[in-house]
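The residues making up each chain are set out below.
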Amino acid sequence: MKKCFLSTAVLLVFMMILTTTAFAATTEIFYGGYSNSYTKGSIVVDLTNISSKKNVVLGETEAAEYFDDADSLNMVIDYDYDTDEEITIKDILTYFNNNGGVPIYYADAAPVVVTAKEAMRTFYFSYKGDTIVYTYEPKYYSFDEYVYNFDNKQVYNERPEDWIFADGTTVTLNKPGKYIFVITDNGLVSSSPAGIFCVHINDNLSETPVSKDLSGINVNPTTSKVLVNGKAVEFEAYNINGNNYFKLRDLAQAVNNTEKNFEVAWDGINNAINLISNKPYTPAGGELAKGDGKAKVAIPTTSKIYKDGKELFLTAYNINGNNYFKLRDIAKAFDIGITWDGTTNTIGIDTRISYVE
């Protein structure tokens, strides 16, 4: 297996387990990065040309085949200072096997472009076989500038003496097949940025390739009852890949004139949605209109999304000309409490409490 392993620090294993879904391009958010007792950090990585993904429990024999041989599984890639132990590929795979399975991504077409959207300590990738086929474009921050002069930090094309990878670092992987993407980090302990660990494990495509026509998917209305600060409110919402998606302007209207209100502004020139916190919402008309209860076609939203001037990387869909966002994504962005009562099939939206993961 041909390898490229670049790191300025050793990190512990810490990631968000991924669920099965299908897509052609996505932005993944993994937990890690800067975290403390009050804030759980996240690392944003953009992946393109991914057809589908699923969690798989890998036996050691199968894993050894993926990684060329059993010796590769014993390769040390991290170090746990708390336990004074080396961390190997086998340790990482065991961790994932014990927490729902190893995330396997299928790319039915090349190239697969991996882009770091936030600073990282480690950017590791390798290919199965004898030929390395990738284009690597690193960018760097000075570690001292990043830590002590963050607002004025510079992006360097050549590595400073003490460095970390800057957001915008990319690798283009020019082969289709199966990939493993995981995030390494000791997020709840250290303030070090996280890293990505990427391995091309074989050339097999997904067993059921996803249609390349991704112009739209059929979605069904959400059947749950919704309470906003204890009061029943009707929303036209839809279940997409197991998550509830709400009309963005409906959510803004529902929490308007509360301590968590936010404005929604459309920038047609830049095809961008601007969300502004702590500002009353200006209705555009048609908010909280009752849906017809019928299935609809959802088309991925191509607009960029900004909150208070900072770009957010959220999955959104356009349904009948309106943008729908995952309820928990918007709640997390504005620290709005979300509750679920499975007995009564009720979603609670509570601006009086904080969001809990």
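Criteria and cut-off values
- Residues numbered from 1 in each chain as written.
- Predicted model: local features only at pLDDT ≥ 70, side-chain atom pairs only at ≥ 80, totals over all residues.
- Heavy atoms only, no water.
- Salt bridge = Lys/Arg side-chain N within 4 Å of Asp/Glu carboxyl O.
- Helix = DSSP H or I, 4+ residues; strand = E, 2+ residues; numbered from the N terminus.
- Buried < 20%, exposed > 50% of the residue type's maximum accessible area, 1.4 Å probe, protein only.
- pLDDT = per-residue confidence, 0-100.
- Contact = heavy atoms within 4.5 Å.
- Core = buried A, V, L, I, M, F, W, Y, C linked by side-chain atoms within 4.5 Å.
- Phe/Tyr/Trp six-rings, centres within 6.5 Å; stacked < 30°, edge-to-face > 60°.
- Lys NZ or Arg CZ within 6 Å of the ring centre and 35° of its normal.
- Pairing = 2+ DSSP bridges.
- Axes fitted to C-alpha atoms, helices over the stretch in contact; angles between N-to-C directions.

Lay out the pattern of salt bridges with the relevant residues and their values.
Counted by the stated rule, this structure contains four salt bridges. The salt bridge partner of E236 is K247, with a shortest N-O separation of 3.9 Å. In this pair, E236 sits in the loop between β19 (231-232) and β20 (237-240) while K247 sits in strand β21 (residues 243-247), placing the two residues eleven residues apart along the sequence. E236 sits in the buried class, given a relative accessible area of 15%. Note that K307 and D308 form a salt bridge whose closest N and O atoms lie 3.4 Å from each other. Using a relative accessible area of 42% as the deciding quantity, one classes D308 as partly exposed.

A description of the confidence of the model for the protein chain should follow, citing residues and the corresponding values.
In the predicted model, the protein chain carries a mean pLDDT of 76, and 72% of its residues have values of at least 70. Per-residue pLDDT, averaged within each element of the protein chain, yields its smallest value for strand β2 (residues 21-22) (37) and its largest for helix α5 (residues 248-254) (97). Confidence over residues 1-25 falls short of pLDDT 50; this stretch has 119 contacts with residues more than four positions distant or in other chains. Counting contacts from residues 186-194, a segment whose pLDDT is below 50, to residues more than four positions away or on other chains yields 34 contacts.

A description of the nonpolar core should follow, citing residues and the corresponding values.
Ranked by internal contacts, the top residues of the largest apolar core, which has 29 residues, are F235, F262, L275, I330 and I349. Taken together, the elements giving at least two residues each to this core come down to β18 (225-228), α5, β22 (262-267), β23 (272-277), α6 (327-333) and β30 (346-350). No other element matches the four residues that α5 contributes to this core. Each residue touching I349, except ones within four places of it in the same chain, is listed here: V226, L227, V228, N229, F235, L251, V255, L327, I336, G337 and I338. Among the nonpolar cores identified, the runner-up in size contains 17 residues, and V45, F123, F165 and V171 belong to it.

Run through the packing of aromatic side chains, naming residues and quoting values.
In total, this model carries nine aromatic pairs according to the counting rule given. Between Y146 and F150 the ring centres are 5.2 Å apart and the planes differ by 70°, which places this aromatic pair in the edge-to-face class. Both rings, one in F262 and one in F334, keep their centres 4.2 Å apart while their planes meet at 10°; by these two values the pair is stacked. Taken as a pair, F262 in strand β22 and F334 in the loop between α6 and β29 (337-341) lie far apart in primary sequence, 72 residues in all. In this structure F334 comes out as buried when scored by relative accessible area, which is 7%. The positively charged end of K153 is found above the aromatic ring belonging to F150, 3.6 Å away from the centroid.

Lay out the sheet that holds strand β28 (residues 322-326) in plain terms, naming residues and giving numbers.
The six strands are arranged β17-β20-β21-β28-β27-β24 in a closed barrel whose pairing can be described as antiparallel. Direction aside, the axes of adjacent strands within the sheet are offset by 45° on average. Two strands pair when backbone bridges link them, and strand β17 (residues 217-221) and strand β24 (residues 296-300) are joined in this way by three bridges, in the antiparallel orientation. Bridging across to β24, V219 finds its partner in K296.

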